[in-house]
Amino acid sequence: MQLDLKQPDFQAAIPILKKIEAAGYEAYFVGGSVRDALLGLPIHDVDIASSAYPEEIKRIFKRTVDTGIEHGTVMVLDHGTGYEVTTFRTESRYQDFRRPDHVTFVRSLAEDLKRRDFTINALAVRHDGTIIDLFDGLTDLKNHQLRAVGDPHERFHEDALRMMRAVRFESQLGFHIEPATKEAITANAPLLKHISVERIAAEFNRLLIGIDRRFGIQDFVTTGLFAYAPALAGQRTALWHFSELPDTTFSGIASGWSALLFMLKLNPEATLKAWKQSNDLIAVVSQTVTLLAKMPTPTAWDLYTAGSRAVAVAGEVAVLLKPDFDQQALAAAYAQLPIHAKKELALTGRDLIAAGVRPGPMMGKLLHQVESQVVAGVLPNDPKKLLSAAIEMSRERQ
Ligand code: ATP
Ligand code: MG
């Protein structure tokens, strides 16, 4: 079988493969781009594998960058685009169930494909479209199956992250894990504790936003993997409920995490810290979960303090939780707020000082009171009216 390399990213990289071959080495497209192209999906990140050693690649091309030379990866620069070319390698020395700290370069494509995780990720394609399929990956691709290359127990012992990758690809592609592979994940799930949180999180995030997170989450639960992921042990039943939400795809990880943490009733800050997620994500998910707790009738102040991103995310999640939720009405209510941020308030501390109010905690309280009344629509956002209202309030407070 041939792969039609019509996608522009392949087309642009074909001269690189040809040049490596002309120099007497082998070169192939490998990994996710081959898999996705065969599935008729758009591709990203064209990966190239070659029998040429890094030094040899650097001799063939004028402009290269050592992006990961210790793993055998050299970036070839061509007309402003960078292509990662990785030398065929084996990863023979695995320690502690993690990825190897040492790789060995080899000249054999078969050796390189053997170390890959799943048969659908172990296909190689020559510049003329010829597919090299040593592990029956094409059949698995046709049957929408994830199957470990070789003995699944061994493969998960070598690198326990592959088990998370299995459930991630289930969700990303809408595939199923074939029985022997799933059985091996179930048997080896505890090995996940040897994997860094960051790597687990990278896969879990992709599971969350996949087209079929139902499969992904359900196998994450039934295989027992969830019990070795941060902060999720003991959440079997709640995770299962989460998996049964309508299977619309989340627009991003903020929506996925918000829905998950709201349903699991977990503290967003503590949980996402345990998952080593960014402060930015922690902020938006915390705001969203707080707002979700106020549904279906949040006050103007709830919307204002949540902010535009959390309002959008909460709308998306609320419809998922309750299909008749009026997402548009929520967006409209937010849009109609008199102000959306404190900097839009027509009264500042400086105005108050100019009017004779003494700076201090009292002034902060005053501004806050004015802000909340403007947001609630009680006071118009007008400089003169706010100033006189504030002065009135300050007298009342004295
Ligand atoms: P996507 O780009 O959609 O994430 P991908 O298959 O390209 O999917 P990458 O993480 O980019 O995933 O990895 C590229 C390729 O490297 C994979 O297709 C697979 O062949 C191999 N690979 C990646 N991680 C592992 C691993 N932990 N064990 C074995 N092979 C792996
Ligand atoms: Mg990739």
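Residues numbered from 1 in each chain as written. Chains lettered and ligands numbered in written order. Predicted model: local features only at pLDDT ≥ 70, side-chain atom pairs only at ≥ 80, totals over all residues. Heavy atoms only, no water.

Let me state the cut-off plainly: UniProt positions are given in the numbering used here, feature names are shortened, and annotations may be inferred rather than shown by experiment.
For the protein chain, the name recorded in an unreviewed UniProt entry is CCA-adding enzyme, with Lacticaseibacillus chiayiensis as its organism. Looking at the protein chain in UniProt, the text filed under Sequence similarities (unreviewed entry) is "Belongs to the tRNA nucleotidyltransferase/poly(A) polymerase family. Bacterial CCA-adding enzyme type 3 subfamily." According to the UniProt record, the Cofactor (unreviewed entry) comment for the protein chain is "Mg(2+)".

**Here we look at the overall build of the protein chain**
Quick note on the threshold: Helix and strand definitions here come from DSSP, where helices need a minimum of 4 consecutive H or I residues and strands a minimum of 2 consecutive E residues; each element is numbered from the N-terminal end. The size measure is the radius of gyration over C-alpha atoms, and the globule rule it meets is 2.2 Å times the number of residues to the 0.38 power. Type-normalised accessible area, obtained with a 1.4 Å probe on protein chains alone, sets the label of each residue: buried when under 20%, exposed when over 50%, and partly exposed for intermediate values. In this analysis, two residues are considered to be in contact whenever any of their non-hydrogen atoms come within 4.5 Å of each other.
Along the protein chain, the regular secondary structure elements total 19 helices and eleven strands. Over its C-alpha trace the protein chain gives a radius of gyration of 27 Å, far above what one expects of a compact globule, namely 21 Å for 398 residues. By its C-alpha atoms, the protein chain is 85 × 50 × 40 Å across when sized along the principal axes. Buried residues in the protein chain amount to 49% of all 398 residues. Counted over contacts in the protein chain with a minimum sequence separation of 6, partners at least 24 positions apart contribute 64%.

**Some points on the packing of aromatic side chains**
Basically, it comes down to this: Each Phe, Tyr or Trp ring (for Trp, its six-membered ring) is paired with any other whose centre lies within 6.5 Å, and the angle between the two planes then decides the class: stacked below 30 degrees, edge-to-face above 60, tilted in between. Only when the NZ of Lys or the CZ of Arg is both within 6 Å of the ring centre and within 35 degrees of the ring normal is a charge said to sit over the ring.
Per the stated rule, a full pass over the model turns up ten aromatic pairs. Considering the side-chain rings of Phe204 and Trp275, the 4.9 Å spacing of their centres and the 35° angle between planes classify their relative orientation as tilted. With a gap of 71 residues between them, Phe204 in helix H9 (residues 197-208) and Trp275 in the loop between helix H13 (268-274) and helix H14 (279-292) connect regions that are remote in the sequence. Overall, Phe204 belongs to the buried group, its relative accessible area being 0%. Judged by its relative accessible area of 0%, Trp275 falls in the buried class. Across the ring face of Phe169, the terminal group of Arg168 is positioned such that the distance to the ring centre comes to 4.1 Å.

**With respect to the UniProt feature "domain: CCA-adding enzyme C-terminal" (unreviewed entry) in the protein chain**
UniProt records the feature "domain: CCA-adding enzyme C-terminal" (unreviewed entry) at residues 253-389, using the numbering of this structure. As a span, residues 253-389 carries 67% helix and 0% strand, and end to end its C-alpha atoms are 43 Å apart.

**So, the site of ligand 1**
Basically, it comes down to this: Nearness here has a simple test: a residue counts as near a molecule or strand if at least one of its heavy atoms is within 4 Å of that partner. Side-chain atoms alone can form a polar contact between residues adjacent in sequence; in general such a contact is a pair of N or O atoms within 3.5 Å, and within protein one must be able to donate a hydrogen while the other accepts it. Here the Shrake-Rupley method, with its probe set to 1.4 Å, supplies the accessible areas, and only the displayed protein chains count as covering residues. Residue polarity follows a fixed list, in which Ala, Val, Leu, Ile, Met, Phe, Trp, Tyr, Cys and Pro are nonpolar, Asp, Glu, Lys and Arg are charged, and the others, Gly among them, are polar. Residue ranges assigned to each domain were obtained from an automatic or database domain assignment.
Residues in contact with ligand 1 amount to 15 residues; listed here are only the nearest, Arg35, Asn121, Arg162, Arg168 and Arg206. Side-chain polar atom of Arg116 to an oxygen atom of ligand 1: 3.0 Å apart, as the coordinates give it. Arg165 is positioned with one of its side-chain polar atoms (N or O) 2.9 Å from an oxygen atom of ligand 1. Computed on the free molecule, ligand 1 has an accessible area of 580 Å², of which 82% lies beneath the protein chains in the complex. Elements with a minimum of two residues in the shell around ligand 1: helix H2 (32-38) and helix H7 (161-173). Here the shell around ligand 1 is built from residues that sort into one nonpolar, five polar and nine charged. Taken domain by domain, the makeup of the shell around ligand 1 includes at least three residues from each of domain 1 (1-143) and domain 2 (144-230).

**Here's the deal with the nonpolar core**
Condition: By nonpolar core is meant a set of buried Ala, Val, Leu, Ile, Met, Phe, Trp, Tyr and Cys residues that side-chain atoms within 4.5 Å join together.
Ranked by internal contacts, the top residues of the largest apolar core, which has 113 residues, are Phe29, Ile48, Phe204, Phe220 and Trp257. Per-element tally for this core: the top contributor is helix H15 (residues 300-321), with ten residues. Excluding anything up to four places from it in sequence, Phe29 contacts Leu5, Phe10, Ala13, Ile14, Leu17, Val34, Val46, Asp47, Ile48, Leu123, Ala124 and Val125.

**Observations regarding helix H19 (residues 383-397)**
Side chains three or four residues apart in an α-helix point the same way, a direct result of the helix having 3.6 residues per turn. What counts is decided by this rule: Under the convention used throughout, the expected extent of a helix is 1.5 Å for every residue step, that is, one less than its residue count. The directions considered for the arc are those from the helix axis to the C-beta atoms.
Spanning 15 residues, H19 covers 21 Å between terminal C-alpha atoms, matching the ideal 21 Å at 1.5 Å per step. Of all the positions in H19, only Leu386, Ala389, Ala390, Met393 and Ser394 are classed as buried. On an axial view of H19, the arc spanned by its buried residues comes to 140°, and they lie on one face. In H19, the exposed positions angled more than 90 degrees off the buried face are occupied by Lys384 and Arg395. Contact partners of the buried residues in H19: helix H17 (349-354) and helix H18 (361-375). Measuring from the side-chain oxygen of the N-cap residue of H19 to the backbone nitrogen of Lys384 gives 3.2 Å; that N-cap residue is Asp382.

**With respect to the domain arrangement of the protein chain**
The criterion, for reference: Values labelled buried area give the accessible surface lost by two parts on being combined, using a 1.4 Å probe and summing over both. We count a salt bridge whenever a side-chain nitrogen from Lys or Arg sits within 4 Å of a carboxyl oxygen from Asp or Glu.
Under the domain assignment used here, the protein chain contains domain 1 (1-143), domain 2 (144-230), domain 3 (250-337) and domain 4 (342-397). If you average the C-alpha positions of domain 1 and of domain 2, the two centres end up 23 Å apart. Of the residues lining the interface, 25 residues belong to domain 1; the matching set on domain 2 comes to 24 residues. Interface of domain 1 and domain 2: buried area, both sides summed, is about 2100 Å²; carbon and sulfur atoms make up 57% of it. Inspection of the region where domain 1 meets domain 2 yields two salt bridges. Linking Asp140 and Arg147 is a salt bridge whose minimum nitrogen-to-oxygen distance equals 3.0 Å.

**A look at a negative patch on the surface**
Cut-off, in case you're wondering: Each patch groups residues whose relative accessible area exceeds 30% and which form no salt bridge, using 9 Å between like charges and 5 Å between nonpolar side chains of Val, Leu, Ile, Met, Phe, Trp and Tyr. Positive: Lys, Arg. Negative: Asp, Glu. His and the chain ends are not part of the count. Charged groups are reduced to one reference atom each: NZ for lysine, CZ for arginine, CG for aspartic acid, CD for glutamic acid.
On the surface, Asp9, Asp45, Asp47 and Glu84 cluster together into a patch of negative charge. Judged by relative accessible area, Asp45 falls into the exposed class, the value being 56%.

**Things to note about the environment of Asn267**
Here Asn267 shows up in the loop between helix H12 (253-264) and H13. Sequence spacing of Asn267 and Ser286 is 19 residues, and the spatial spacing of their C-alpha atoms is 8.0 Å.

**A word on the sheet that holds strand E5 (residues 81-87)**
To keep things clear, this is the line we draw: At least two DSSP bridges between two strands are needed for those strands to be called paired.
As summarised here, the arrangement of the seven strands in space is E3-E4-E5-E2-E1-E8-E9, forming an open sheet in which the pairing is mixed. In the strand order of this sheet, the two ends are held by strand E3 (64-68) and strand E9 (131-132), each with one partner. With three bridges connecting them, E3 and strand E4 (residues 73-78) associate as antiparallel partners. Across the sheet, the residue bridging to Val65 is Met75, located in E4.

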